[in-house]
Amino acid sequence: MLVLEIENLSAFYGKAQALREVSLTVNEGECIAIVGANGAGKSTLLDSIMGLVKTRGTVRLHGEDITGLRCAQIVKRGVGYAPERFNLFPHMTVRDNLLVGAFTARNEIAKNLDAVHRLFPRLAERENQETSTQSGGERQMVSLGRALMSSPNVLLVDEPTIGLAPKVCGELAKVLQRLSKEMGLTVIVTEQNANFAISLAERLYVLEGGRITAQGTAADLSKDDILAKSYFGA
Amino acid sequence: MTQILIQGMLLSGLYALIAMGFMLIFSIGRTLNLAYGAYLLVGGYVYFWLCQQMGLPQIVGFAGAVTAGVLMGLLKHRLIVKTLNGDHVAIEISTLILAVVLQAGVVLLFGDSSKILLPIVPGVVTVAGAQVTFNILTATLISWAVIIGLYLYISRTHTGRAMQAVSMDAKGAALSGVDPDRINLITWGISGGLGALGGVFFASYTQLYPGMWVAPLIISVAVVIVGGIGSILGTLVVAHIVGFMEVGVSSWSPELRGVFTMILIVAVLVLRPQGLFGREETH
Ligand SMILES: Nc1ncnc2c1ncn2[C@@H]1O[C@H](COP(=O)(O)OP(=O)(O)OP(=O)(O)O)[C@@H](O)[C@H]1O
Ligand SMILES: [Mg+2]
């Protein structure tokens, strides 16, 4: 069943166009990756799904046209987003950051907090730490945790491996896989790190200069060296 | 000396209440609301009109004043702040003009002579040799109760936490399902209500007159600049510094009353622009 359908989506910052007629589909419970170099438009694509950027085209969620809805309304419909720069609340504790994430899911706080703590035991230990004093890896956990507090069924994760040690990347991949395999979430991850993306995703889209230039399974894409080409411009 | 201590304590509580509403808008809406003093003006006059002209009970006067303040705050957000959409200079100029227009409106309706607001609670009590009016005592106690309530609201409720969230990272708040626009609207309403309530007390402490919006505005700006944005505790502490300074200075030389407040503003702006209790902006 289709969870997310994006059709001919273009995005604009003033006059500058950052996405050009992007179309993609995501099935329920699937984990897909969007790979692309710096400035390819990965963050813009996720921001556009959340209604944070001016766009043209359509975004449908569970068949419903959500184009033009405000971010808060899209969160309410079950989309969680862990953005590239985290956008945490720096002078709040870990716990309060998570509680803000529960703004639209107040009846499920106990259940979701428990799930987040099982996923990231470190957040339970550091409940009362201000996030401004946390390490990058810990902030990544708070960011993912906050997104999960809204009881999402679709999770968008923007370049989660930036600045993480290889070992931590491996743990992160496991967490994202658990979310999709065990908890049934539909996961969309953007990445520059093609290996990480391949280790994680069932299908990949390649984004170059705001356009989707290739798509398929990891096997499809590595067959023709498409990933390598899109990076090295060969 | 005791007189200064007690008066300083009482006046500071009232200043803290007044500055709190201004601080909220500055921290959450990121707007320097130069019409903030107008809430105090309108609050004072609505109370005067309901209680002293219409002869209605005090509780009606308070309810009317606070309602007027809340409505003004909501309208200002919808009609001015949202329409001008983040253009800070335009917002500041138009809010200042609005205050002047409201002052003219008050002159038109009530005349430009000053009015005496009857004490909210009449009587005087002697504390440790110092004379304290029940009026200012009541104002201070209610101010404290409201400040504590506000603190609990902001730190313990979902909407309160969302207000903090918007002040720290509006995008982060939006993708947590908080509508920053709605939170701003609520904040403007609360700010208006706090200002109007402070206005009733301020008018009963001083006088009711059409220009009474200026002094509390300067006090609020001082408290927020010196205290730093986003801090209820900073606002509380600095309101006390300003309050004690004013009482102390005016017992020694009444003409200099406001001057030291100004010096404090400039000194802090030069030495520590984020305020004594403010945080460096992290981005
Ligand atoms: N707020 C903005 N205003 C103007 N242009 C922007 C803005 N944000 C992004 N852009 C432009 O849009 C294009 C796509 O940017 P985007 O951040 O989506 O790329 P990205 O793939 O996420 O890159 P990175 O891997 O560096 O995060 C870039 O050319 C960028 O300069
Ligand atoms: Mg990006």
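Above this text sits the structure in question.
Attention in this report is confined to the structure presented alongside it. The numbering scheme is per chain: residues are counted from 1 as the chain's sequence reads. In the order they appear in the text, chains get letters beginning with A and ligands get numbers beginning with 1. The model is predicted, so local features are restricted to residues of pLDDT at least 70 and side-chain atom pairs to those at 80 or more, both for listing and for counting; the totals for chains, interfaces and linings are taken over all residues. Excluding hydrogens and water, the side-chain figures rest on all heavy atoms present in the structure.

### Quick notes on the overall build of chain B
Next, step 1: Every helix listed is a DSSP run of H or I at least four residues long, and every strand listed is a run of E at least two residues long, numbered separately from the N terminus. In terms of regular secondary structure, chain B is built from eleven helices and two strands.
Next, step 2: Each helix and strand of chain B, ordered N terminal to C terminal, gives the series α-α-α-α-β-β-α-α-α-α-α-α-α.
Next, step 3: Each radius of gyration is computed over the set of C-alpha atoms, and the globule rule expresses the reference value as 2.2 Å times the number of residues to the power 0.38. On C-alpha atoms alone, chain B measures out to a radius of gyration of 18 Å, which is about the 19 Å that the 2.2 N^0.38 rule sets for 283 residues.
Next, step 4: Only protein chains enter the accessibility calculation, which uses a 1.4 Å probe. A residue is then buried if its area is under 20% of the maximum for its type, exposed if over 50%, and partly exposed in between. Buried positions account for 53% of the 283 residues belonging to chain B.
Next, step 5: The contact criterion used is simple: two residues touch if any of their non-hydrogen atoms lie within 4.5 Å. Excluding contacts between residues fewer than 6 apart, the proportion of contacts in chain B whose partners are at least 24 apart in sequence is 75%.
Next, step 6: As presented, chain B carries roughly 11,900 Å² of accessible surface, and 72% of it is formed by carbon and sulfur atoms. What sets the accessible areas is the Shrake-Rupley method with a 1.4 Å probe; for residues, cover comes only from the shown protein chains.

### Some thoughts on a nonpolar patch on the surface
Next, step 1: Residues enter a patch when their relative accessible area is above 30% and they make no salt bridge; the linking distance is 9 Å between like charges and 5 Å between nonpolar side chains (Val, Leu, Ile, Met, Phe, Trp, Tyr). Any carboxyl oxygen of Asp or Glu within 4 Å of a side-chain nitrogen of Lys or Arg constitutes a salt bridge here. Together, Trp 49, Met 54, Leu 56, Ile 59 and Val 60 of chain B make up an exposed nonpolar region whose accessible area comes to about 460 Å².
Next, step 2: When its relative accessible area of 33% is taken as the criterion, Val 60 of chain B is described as partly exposed.

### Thoughts on the sheet that holds strand β6 (residues 79–82) of chain A
Residue and element names in this part refer to chain A.
Next, step 1: Here, a strand pair is defined by DSSP locating no fewer than two bridges between the strands. Here six strands make up an open sheet; going across it, the order is β6-β7-β8-β3-β9-β10 and the pairing mixed. The open sheet has two edge strands, β6 and β10 (211–216), and neither has a second partner. Taken over all neighbouring pairs, the strand axes of this sheet differ in orientation by 20° on average, direction set aside.
Next, step 2: Pairing geometry for strand β7 (residues 154–158) and strand β8 (residues 186–191), over five bridges, is parallel. Considered in β8, the bridge of Val 154 is made with Thr 186.
Next, step 3: The strands touched by helix α1 (residues 42–49) are β3 (31–35), β6, β7, β8 and β9 (203–208); relative to β7, the strand with the most contacts, the crossing angle is about 150°. Each axis is a line fitted through C-alpha atoms, and for a helix only the stretch in contact is used; angles between axes span 0 to 180 degrees, taken between their N-to-C directions.

### Some points on the interface of chain A and chain B
Next, step 1: Taken together, the contact between chain A and chain B spans 24 residues of the former and 20 residues of the latter.
Next, step 2: A quick way to say it: buried area is the sum, across both parts, of accessible area lost when two parts are put together, with a 1.4 Å probe. Summed over both partners, the interface of chain A with chain B buries about 2,000 Å², with 66% contributed by carbon and sulfur atoms.
Next, step 3: Linking chain A with chain B are two salt bridges.
Next, step 4: The salt bridge involving Asp 47 of chain A is made with Lys 171 of chain B; its shortest N-O contact spans 3.2 Å.

### Examining the packing of aromatic side chains
Next, step 1: In summary, the pairing rule links any two rings of Phe, Tyr or Trp, Trp by its six-membered ring, whose centres are within 6.5 Å, and it sorts them by plane angle into stacked for under 30 degrees, edge-to-face for over 60 and tilted for everything else. All told, the structure shown has eight aromatic pairs over all chains when counted by the stated rule.
Next, step 2: Measuring from ring centre to ring centre gives 5.7 Å for Phe 62 of chain B and Phe 201 of chain B, while their planes differ by 55°; the resulting arrangement is tilted. In this pair, Phe 62 of chain B sits in helix α3 (residues 58–84) while Phe 201 of chain B sits in helix α8 (residues 180–205), placing the two residues 139 residues apart along the sequence.
Next, step 3: An aromatic cluster of at least three residues, connected via ring pairs, comprises Phe 22, Phe 26, Tyr 36 and Tyr 39 of chain B.
Next, step 4: Sitting over the ring of Phe 89 of chain A, Arg 146 of chain A keeps its end group 4.9 Å from the ring centre. Charge over a ring is defined by NZ of Lys or CZ of Arg lying within 6 Å of the ring centre and within 35 degrees of the ring normal.

### Describing α1 of chain A
Residue and element names in this part refer to chain A.
Next, step 1: Among the eight residues that make up α1, seven are buried, leaving the element largely enclosed by the rest of the structure.
Next, step 2: Of all the positions in α1, only Lys 42, Thr 44, Leu 45, Leu 46, Asp 47, Ser 48 and Ile 49 are classed as buried.
Next, step 3: Downstream of α1 by a residue or two, Gly 51 has a phi angle that is positive, lying close to 75°.

### Some words on the pairing of β10 of chain A
Residues and elements named next belong to chain A.
Next, step 1: Two strands pair when backbone bridges link them, and β9 and β10 are joined in this way by five bridges, in the antiparallel orientation. Following the sheet pairing, Leu 204 is matched in β10 by Gly 216.
Next, step 2: Hairpin geometry of β9 and β10 is characterised by an intervening segment of two residues between the two adjacent antiparallel strands and by a positive phi of about 50° at Gly 209.

### Let's talk about the coordination of the magnesium ion (ligand 2)
Residues and elements named next belong to chain A.
Next, step 1: Distances decide who is a donor: an N, O or S atom must be within 2.8 Å of the metal, or within 3.2 Å for Na, K and Ca. Water is not included, so sites may look incomplete. Of the protein atoms, only Ser 43 (OG) and Glu 84 (OE) coordinate the magnesium ion (ligand 2), at distances of 1.9 to 2.3 Å. Remark: Glu 84 occurs in the loop between β6 and α3 (94–101) and Ser 43 occurs in helix α1; sequence separation between them is 41 residues.
Next, step 2: Residue classification places Glu 84 among the partly exposed residues on the basis of a relative accessible area of 22%.

### Side note on the side chain of Glu 5 of chain A
Next, step 1: Within the fold, Glu 5 of chain A resides in strand β1 (residues 2–13).
Next, step 2: Look past the residues within four positions of Glu 5 of chain A in its chain and what remains in contact with it is Leu 24, Thr 25, Thr 58, Val 59, Arg 60 and Gly 63 of chain A.

### Looking at the packing of helix α1 (residues 2–28) of chain B against helix α9 (residues 214–227) of chain B
All names here are of chain B.
Next, step 1: Contact geometry of α1 with α9 gives a least axis separation of 9 Å together with a crossing angle of 65°. Of the possible angle classes, the one that applies to α1 and α9 is roughly perpendicular. Handedness of the crossing formed by α1 with α9: right-handed. Only Pro 216, Leu 217, Ile 219, Ser 220, Val 221, Val 223 and Val 224 of α9 make contact with α1, whose side of the interface consists of Tyr 15, Ile 18, Ala 19, Phe 22, Met 23 and Phe 26.
Next, step 2: Looking at side-chain class alone, the contact of α1 with α9 contains twelve nonpolar, one polar and no charged residues. Any angle between 65 and 115 degrees counts as roughly perpendicular, while under 35 counts as roughly parallel, over 145 as roughly antiparallel, and the rest as oblique. By convention the crossing between two helices is left-handed if the near helix lies anticlockwise of the far one by an angle smaller than a right angle, and right-handed if it lies clockwise. Throughout this entry, Asp, Glu, Lys and Arg are counted as charged residues, while Ala, Val, Leu, Ile, Met, Phe, Trp, Tyr, Cys and Pro are counted as nonpolar. The remaining residues, Gly among them, count as polar.

### Some thoughts on the sheet that holds strand β5 (residues 64–65) of chain A
All names here are of chain A.
Next, step 1: Strands sit in the order β2-β1-β4-β5 across an open sheet of four strands; the sheet is antiparallel. Each of the sheet's edge strands pairs with one partner strand only, and the pair in question is β2 (16–27) and β5.
Next, step 2: Relative to β2, β1 runs antiparallel, the two sharing eight bridges. Looking at the pairing, Tyr 13 lines up with Ala 16 of β2.
Next, step 3: Lying over the sheet, α1 contacts β1, β2 and β4 (54–61), oriented at roughly 115° with respect to β1.

### Focus on the pairing of strand β2 (residues 130–133) of chain B
Residue and element names in this part refer to chain B.
Next, step 1: Burial of the side chains of β2 is restricted to one face: Ala 130 and Val 132 are buried, whereas none of Gln 131 and Thr 133 on the reverse face is.
Next, step 2: Bridge analysis of strand β1 (residues 124–127) against β2 gives four bridges, and the strand direction is antiparallel. Of the residues in β2, the one forming a bridge with Val 125 is Val 132.
Next, step 3: From the end of β1 to the start of β2, which pair antiparallel, there are two residues, and Ala 128 there has a positive phi angle of about 45°.

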